[in-house]
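One letter stands for each residue in the lines below.
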Amino acid sequence: MGRAEFGRLLREVRLRSLLTLENLVEMSGVSVRAISDMERGQSLPRQATLGELMGALELDEDERRRFVEAAARRGQGATGRVPRQLPPDLAVFRGREEALATVYGLTAQVAEPGGHVVVAVIGGMAGVGKTTLAVYWAHHVADHFPDGQLYVNLRGFEDTGHPMDPAEALGGFLAALGVSDLDIPRGAEERGALFREWTASRRMTVVLDNARDEQQVRPLLPASTGCLTVITSRSQLSSLVAVEGARPVGLDVWTREEALSALAARIGEERYRAEPEAAGALVELCGHLALAVAIVAAQVSVTPGSRYAWSCGNCAEAGRCWTPCRPVPAESTSGPCSRGPTGPCRRRQPCSSGIWPCTRGRRCRRRRPPHSRASACGRPGGCCGS
Ligand SMILES: Nc1ncnc2c1ncn2[C@@H]1O[C@H](COP(=O)(O)OP(=O)(O)O)[C@@H](O)[C@H]1O
Ligand SMILES: [Mg+2]
């Protein structure tokens, strides 16, 4: 109801003011596509856009109130909801300038006249920052996608070994769009068709996180040129690039500067500056991997007041913290870090306990870090590597 009502109101007031669509575009700075979508009842304006339209139309107080009320009725009635499924944005997001330039460039291609559906695949090893980048990106371009954001973790590489069935993901999406339980078909194909129908005239972001392979994501791709789909995967999903024209965005570990800036953001500038050499050694031992830096920073943060040079000592004594691992082709059945057809495994992931420094009790040679009551270990063979 909100969209249709707002669209009617907008068109009525524009015509009464003797403005063409182009006049309103020029006076408000809002794009022609956005205004015509609104007038056709296909989308509602965000706060800033609404302000620009009301200003350009020189509405009196009463009309302003009607506009605001109609725009606020988003998500009600038969036209569906505006889902907001993204996980929270990371406050300490750092680095990734190059990747961000690429993805913002891709965003600009969405809904270009005569354009194609935009699908991006963020690939890279576990812990490198794929999900974080996808979520950051989707939040920062949310204004361009007034019909909302869908997000699902497809559990492609979780220990459970049970990637999510695409039909289940589609069921969740349809429900989030406002389709009632009774109207959601049973079969995966029917669900896929209904999903494409529901997204056909919408402008939204769809984040398919942690995808196992192409088969898992294909049924979840909207066909609308107004939608942006962002997939993250440890696999390269090369056939999606070849067949669907998906754009690959490769992520590698941070540069040293990025890793240091991320460490400083997490432990605080003051603490970082107090031991710059230890900070350098720590990020080096973390292999500049985002996940490793996050874990190490958390460990340092929970021992306030202590020096953190001890962390390096422990880590160095234990061997390498993080050893590298490459993404594997989707056809590999042996899992992302096993010695598969791509050659010798080059792992880069935390020790199986997931805790750093390792707290594995009796198997570890424990020692207490200076100035701290927390225990750390120097387990031979590498407390963090595996
Ligand atoms: N750009 C970034 N800035 C700060 N921290 C990051 C960044 N990217 C990743 N991280 C941190 O690293 C951890 C692993 O990132 P994640 O996106 O989950 O990796 P992946 O999806 O590649 O496995 C996250 O907990 C996050 O806090
Ligand atoms: Mg992830």
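Conventions used here
- Residues numbered from 1 in each chain as written.
- Chains lettered and ligands numbered in written order.
- Predicted model: local features only at pLDDT ≥ 70, side-chain atom pairs only at ≥ 80, totals over all residues.
- Heavy atoms only, no water.
- Near = heavy atom within 4 Å.
- Polar contact = N/O pair within 3.5 Å; in protein donor to acceptor, adjacent residues only side chain to side chain.
- Areas by Shrake-Rupley, 256 points an atom, 1.4 Å probe, with all protein chains shown as cover.
- Helix = DSSP H or I, 4+ residues; strand = E, 2+ residues; numbered from the N terminus.
- Nonpolar A, V, L, I, M, F, W, Y, C, P; charged D, E, K, R; others polar.
- Pairing = 2+ DSSP bridges.
- Axes fitted to C-alpha atoms, helices over the stretch in contact; angles between N-to-C directions.
- Contact = heavy atoms within 4.5 Å.
- Salt bridge = Lys/Arg side-chain N within 4 Å of Asp/Glu carboxyl O.
- Buried < 20%, exposed > 50% of the residue type's maximum accessible area, 1.4 Å probe, protein only.
- Core = buried A, V, L, I, M, F, W, Y, C linked by side-chain atoms within 4.5 Å.
- Domains from an automatic or database assignment.
- Phe/Tyr/Trp six-rings, centres within 6.5 Å; stacked < 30°, edge-to-face > 60°.
- Parallel < 35°, antiparallel > 145°, perpendicular 65-115°, else oblique.
- Left-handed = near helix turned anticlockwise from the far one by under 90°.
- Arc of directions from axis to C-beta.

A. Just the site of ligand 1, in detail. Neighbouring ligand 1 are 16 residues, the closest being Arg94, Gly127, Lys130, Thr132 and Arg266. Here an oxygen atom of ligand 1 sits 2.8 Å away from a polar atom, N or O, in the main chain of Gly127. Protein coverage of the free-state accessible area of ligand 1, which is 550 Å², stands at 82%. Elements represented by at least two residues in the shell around ligand 1 include exactly helix 7 (130–140) and helix 15 (290–301). In terms of residue class, the shell around ligand 1 is made up of nine nonpolar, four polar and three charged.

B. Seen up close, the sheet that holds strand 4 (residues 228–233). If you trace the five strands from one edge of the open sheet to the other, you get 2-3-4-1-5, paired in parallel fashion. The open sheet terminates on both sides in strands that have one partner only, identified here as strand 2 (149–153) and strand 5 (247–250). Adjacent strand axes in the sheet meet at a mean angle of 15° when their direction is disregarded. Taken together, the five bridges between strand 2 and strand 3 (residues 205–209) define a ladder with parallel strand orientation. Counterpart to Gln149 in the pairing with strand 3 is Thr205. Against the sheet, helix 6 (residues 97–109) touches strand 1 (118–123), strand 4 and strand 5, its axis set at about 160° to strand 5. Across the sheet, helix 7 is in contact with strand 1, strand 2, strand 3 and strand 4; its angle to strand 4 comes to roughly 165°.

C. Main features of the pattern of salt bridges. A full pass over the atoms with the stated rule returns nine salt bridges. One salt bridge in this structure joins Arg14 and Glu39, with 2.7 Å as the shortest N-O distance. With a gap of 25 residues between them, Arg14 in helix 1 (residues 2–16) and Glu39 in helix 3 (residues 32–39) connect regions that are remote in the sequence. Overall, the relative accessible area of 6% leaves Arg14 in the buried class. For Glu39, a relative accessible area of 13% puts it in the buried group. Ionic pairing is found between Asp37 and Arg40, a salt bridge with its closest N-O pair at 2.8 Å. The exposure class of Asp37 is buried, given its relative accessible area of 3%. With a relative accessible area of 53%, Arg40 lands in the exposed category.

D. Expanded view of the pairing of strand 1. Among the six residues that make up strand 1, six are buried, leaving the element largely enclosed by the rest of the structure. Inspection of the sheet shows strand 1 paired to strand 4 by six bridges, in the parallel sense. The residue of strand 4 that forms the bridge with Ile122 is Thr232. The pairing of strand 1 with strand 5 spans four bridges and is classified as parallel. Bridging across to strand 5, Ile122 finds its partner in Val249.

E. Examining the environment of Gly95 more closely. Mapped onto the elements, Gly95 comes out in the loop between helix 5 (61–72) and helix 6. Classification of Gly95 by relative accessible area gives buried; the value is 15%. In this structure the C-alpha to C-alpha distance between Gly95 and Ser261, which are 166 residues apart in sequence, comes to 7.9 Å. Residues in contact with Gly95, not counting those within four places in the same chain, are Leu100 and Glu258.

F. How the structure looks around the nonpolar core. One finds Ile122, Trp137, Leu228 and Val293 to be the most contacted residues of the largest nonpolar core, which totals 46 residues. Split by domain, this core shows at least three residues from each of two domains, domain 2 (97–250) and domain 3 (256–377). If you look at the next biggest cluster of nonpolar residues, it comprises 29 residues, including Ala169, Phe195, Met204 and Ala246.

G. A look at the packing of aromatic side chains. Tallied over the entire structure, the rule returns three aromatic pairs. Taking the centre distance of 5.4 Å and the plane angle of 75° together, the rings of Phe6 and Phe67 count as edge-to-face. Separated by 61 residues along the polypeptide, Phe6 in helix 1 and Phe67 in helix 5 bring together distant segments of the chain. What makes Phe6 buried here is its relative accessible area of 0%.

H. Quick peek at the packing of helix 2 (residues 21–28) against helix 3. Two elements in contact, helix 2 and helix 3, have axes whose closest approach is 9 Å; the angle formed by their N-to-C orientations is 120°. In terms of their interaxial angle, helix 2 and helix 3 are classed as oblique. In this structure, the crossing between helix 2 and helix 3 has a hand that is right-handed. Contact with helix 2, carried on its side by Leu21, Leu24, Val25 and Ser28, involves Val32, Ile35, Ser36 and Glu39 of helix 3 and no other residues of that element. Of the residues in the contact of helix 2 with helix 3, the class split is five nonpolar, two polar and one charged.

I. How the structure looks around helix 14 (residues 276–285). Every buried residue belonging to helix 14 is among Ala278, Ala279, Gly280, Leu282 and Val283, and all of these are buried. A positive backbone phi angle near 65° is found at Gly287, which sits one or two residues after helix 14.

J. Seen up close, helix 4 (residues 47–57). Taken as a whole, helix 4 has its buried residues at Leu50, Leu53, Met54, Ala56 and Leu57. Buried positions in helix 4, seen along its axis, are confined to an arc of 165° and lie on one side of it. Opposite the buried face of helix 4, by more than 90 degrees, sit the exposed residues Gln47 and Ala48.

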